[in-house]
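# Fold and geometry: a report
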Amino acid sequence: MDTLTITLPDGSEKQVTGGTTGRDIAMGISPRLADAAVAVVLDGVQLDLDRPLPGNGSFRILTTRDAEALEIVRHSSAHLMAQAVVELFPGTKLAIGPVIENGFYYDIDSPHKFSPDDFAAIEAKMLQLAEAKTPIRRNEIDRLQAIEQWGSQDEPYKVEMMQEWTDATVSFYTQGEFFDLCRGPHVPHTGFLKFVKLLSVAGAYWRGDEKRPMLQRLYATAFHDKKALEAHVAALEEAKKRDHRVLGRKLELFHMQEDMPGMVFWHPQGWTLYRTLQNYVRSKVEANGYLEVHTPSVMSKTLWEKSGHWDKYQENMFVTESEKRTFAIKPMNCPGHIQIFNQGLRSYRELPLRIAEFGSCVRNEPSGTLHGIMRVRGFVQDDAHIFCTEAQIGPEVAAFCQLLKEMYADFGFNDILVKFSTRPEKRVGTDESWDRVEKALADACEYAGLATELNPGEGAFYGPKLEFTLRDSLGRHWQCGTIQVDPNLPERLGAEYVGEDGHKHRPIMLHRAILGSLERFVGILIEHYAGAFPAWLSPTQAVILPVSEKYLEAAQATAKTLRASGVRVVVDEQNQKLGYKIREAEGKRTPFILVVGEKEAAAGTVSVRQRGAGDLGAKSVAEFAEFIAQEVAARR
RNA sequence: GCCCAGAUAGCUCAGUGGUAGAGCACUUCCUUGGUAAGGAAGAGGUCCCGGGUUCGAGUCCCGGUCUGGGCUCCA
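One structure accompanies this document, and this report is about it. (Residues numbered from 1 in each chain as written. Chains lettered and ligands numbered in written order. Predicted model: local features only at pLDDT ≥ 70, side-chain atom pairs only at ≥ 80, totals over all residues. Heavy atoms only, no water.)

## Examining unusual backbone geometry
In the segment running from Gly184 into Pro185, the intervening peptide bond is cis, with an omega of -5°. Tracing the backbone shows Pro185 in the loop between β11 (178-181) and β12 (195-205). Residue Pro352 follows Leu351 across a cis peptide bond; omega there is -10°. Relative to the helices and strands, Pro352 resides in the loop between β20 (346-347) and β21 (353-362). For Asn102, which is not a glycine, the phi torsion comes out positive at approximately 70°. Here Asn102 is to be found in the loop between β7 (99-100) and β8 (103-109). With a phi close to 65°, Lys324 is a non-glycine residue in the positive phi region. Overall, Lys324 belongs to the exposed group, its relative accessible area being 85%. (Helix = DSSP H or I, 4+ residues; strand = E, 2+ residues; numbered from the N terminus. Buried < 20%, exposed > 50% of the residue type's maximum accessible area, 1.4 Å probe, protein only.)

## Describing the nonpolar core
Core analysis: the biggest nonpolar cluster contains 63 residues, and Phe411, Leu466 and Phe468 have the highest contact counts within it. At 8 residues, helix α13 (residues 393-410) tops the list of elements feeding residues into this core. Setting aside residues up to four positions removed in sequence, Phe411 forms contacts with Leu277, Tyr280, Leu515, Phe521, Leu525, His528, Tyr529, Trp536 and Leu537. Core analysis: the second largest hydrophobic core is formed by 36 residues, Ala69, Phe104, Ala130 and Leu198 among them. (Core = buried A, V, L, I, M, F, W, Y, C linked by side-chain atoms within 4.5 Å. Contact = heavy atoms within 4.5 Å.)

## Side note on the pairing of strand β13 (residues 214-223)
Side-chain positions along a regular strand alternate between the two faces of the sheet. For β13, the tally of buried residues reaches 8 of 10 residues, placing the bulk of the element in the interior. Where β8 and β13 come together, 5 bridges link them in antiparallel fashion. Bridge pairing in β13 places Ile108 opposite Gln216. (Pairing = 2+ DSSP bridges.)

Shown next, in the form of structure tokens:
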């Protein structure tokens, strides 16, 4: 038998004989460690605990304390769920069951239509299987033999996957009677899989292809212990409480209605928030050298044909006719901005020319994609197009990234991911020009010191793009900002400028948005802040509560003074007790509650109660106005 | 668009074929109050829409619309 040399995490080396497993080593350290071990890692590759080590390398043991081990537990839980489902619902065929962020799913094809009513039975079965602590064992067989074996079991999805692979052998895992094709690794026995919860069931196309069969996808999650599982369930409940559709109604921000799907009706409160956001963006882009414009909502079909949108997005455009001509409601703003660029003769001295618009767009999104105000048909983008030379791409992209970071930080979004999307299959323009602009964008990222994740084939049809994803207070990802390099639209729509050499040149166009859709961004903010907007954003910044009706006039006088200094303030005129009105104002997440009673009316003060901080005591009206002005200026 | 599920008062929801319900909100009256729900009375319904089954449909069946969970898509 060969001898292997493994390096332990503390740097010490250990000689072991060939055939030694991770468990053997763990046992050598302590039996308790061997019990708690989930798997091992040899030179960065995860292996089953009971698998003989295949070679030398750095070695560590994964226990239930490691984050990596959680993925293994979830993966094994997916198998356990499959086992439970197959046992409870015979005739179920298995497709794939991967681990995803925060859990796992399994796609299955079953005569049984699954509903949440089935979850309890599946969970009970899984618990029963877990308590049996059945060993999970790895096996390898010849791939062609495996295809035959799974074929005879009528498992077409497994067979299809194996047919596409090229390896000579495949691995599968058995636990009792159940076996499933899998690369592994898995936990040593089912006893590690006791803390599982099924979450939802939904349709999903086989291999994500809408032309392939629709499978049933069971979503679930698993943890090492009960406490972590309960914490996760609590987090899900918290997210549910923050649902922008629920809070949007409660806070009287907006409504939507059945006969106008995908369209938002902004109510006074919501529109105040919306305008505050818009004015904020306006101040930022103005300060960064953008010029705001406004372009028409309805533009001729011929323009969309020239731009290429008609070819690709016709189905998703609202079209209208007049006097035998066809028009489309604009789904985007770029062709309009080129029309502005094209007026008169442009000089290189004007570049980079940054044209910004709160561009009101309408897209006929498929009905199934609509979701609250996060995905709508009518929305406004904080859009802008930068006309520049190729040499200006770098500095412009860098300046844009800087502005974006600054703006996201004002909302408390400091964790930003950047994706670099390259040429898609369906595209316009020559390969040479794609080569050039992809390189220019890559160089710009380097110039901006930006770490990006490659997203091949996901670019826009006219050019490569960066996509900016922020993480909200619950750790959820939202893709908002984007910047896209486009040499093609200027070409198609005939944009040109006179260069230093006196000849005409084609500008590059950078499409960019920071918040993306304002509708969606408001939705994100509602959930991020759980409706408790900071004072600078809050539609109502302060509510004045007269202690009784006797002090209503004093309250109104105070409101008038505060309004004059720019505070968004209302008086609660209800004939109710103070406690009731406080409860109501807190329920609406008002940042400041001002109580006016006998003392305050006499002294010209307000008793200030700040959301989250409680009673701050009495302040003069002028003092409070100054205080809130500072809060707003600091974007708190 | 596709799969599954749902739609009952302003909101949240109960109602398994036989006279449409609750809580909150709303209106009126009483109460005039000091930091998270004072009391009483009242009003409020095309049970999503259209067909069908039935003596009789909120309830069962079919079709549609919208919403939700996903999938696909997202210029």
